[in-house]
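Geometric and topological summary
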Amino acid sequence: MAGQIEAKLAELGITLPRPMLPIANYVPYVVTGNLVVVSGQVPAIDGKIAITGKVSWGVSVDQAKEAARLCFINVLVHLKSACGGDLDRVRRVVRLGGFIAAPSEFTQHALVMNGASDLAVAVFGDIGRHARSTVGVPSLPADAAVEVEGLFEIE
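I will try to describe carefully the structure that is included in this document. Predicted, not measured: the structure shown is a model, and the values here were computed from it.

Calculation rules
Residues numbered from 1 in each chain as written. Predicted model: local features only at pLDDT ≥ 70, side-chain atom pairs only at ≥ 80, totals over all residues. Heavy atoms only, no water. Salt bridge = Lys/Arg side-chain N within 4 Å of Asp/Glu carboxyl O. Helix = DSSP H or I, 4+ residues; strand = E, 2+ residues; numbered from the N terminus. Buried < 20%, exposed > 50% of the residue type's maximum accessible area, 1.4 Å probe, protein only. Disulfide = S-S within 2.5 Å.

Turning our eyes to something else, we now look at the pattern of salt bridges. A side chain of one charge can pair with a side chain of the opposite charge when the charged atoms of the two come close. Taken as a whole and judged by the stated rule, the model has six salt bridges. The partner of Asp143 in a salt bridge is Lys54, with the nearest N and O atoms 3.4 Å apart. Here the residue Asp143 occupies a position in the loop between strand S8 (131–137) and strand S9 (146–154), and Lys54 occupies one in strand S5 (residues 54–55), the gap between them amounting to 89 residues. Accessibility expressed as a relative area gives 37% for Asp143, which makes it partly exposed. A salt bridge links Arg95 to Glu149, with the shortest nitrogen-to-oxygen separation between them at 3.3 Å.

Set out below in C-alpha cells:
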C-alpha cells in the first residue's frame, strides 16, 4: 500500500526515476540523527541532463523553473532511499539550496527556484514550507542550468 506522499506524487503525475549516480567523489545523501542532507541534484531525466546552458542566454526563465522542478524530483529520489523507501517518514523540508547558472546581469533567481519550492509544498503540504537560499553562479557541473540540494527532518 502506497503512503500519503507516494499517493500525492501519483496525483501530481510524478513517477520517481531511477537515481542518477554521483559524477564525482561524493555520496548522494547523508543521514545524521534525524536529518537527511541530499547532495545537489541536476535536472536529469533517464540519467541525462535535460536542461543545460545559462538562464537568459538560451534557457528561458520558464525552462529554468522546470529544471528546478526536475532537480527537486531527483532530490526526492535520494530522500526516499534515505528514508528506507518511505517518504511518509519526512517530518519537515528544512531547507532547499538552489544554484542557477546565469550571467551576472540576471536577477530572477527566485522565480527559477520557485520550480523546486512550489513542488516541495505541493508534495508535502505545510511541512514542505522551507528556508531557502538561491545563488547565481557562472557555471554548473556538466553545463546544468540549475542544481538543487536539500535538508530534511525525518522520523
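So, about the state of the cysteines. Each disulfide consists of one covalent bond between the sulfur atoms belonging to two cysteines. Tallying each qualifying case throughout the model produces zero disulfides. Cysteine Cys71 is unpaired, with the sulfur of Cys83 as its nearest cysteine sulfur at 19 Å. For Cys71, a relative accessible area of 0% translates into the label buried.

In short, shape yes, function no, at least from these values alone.
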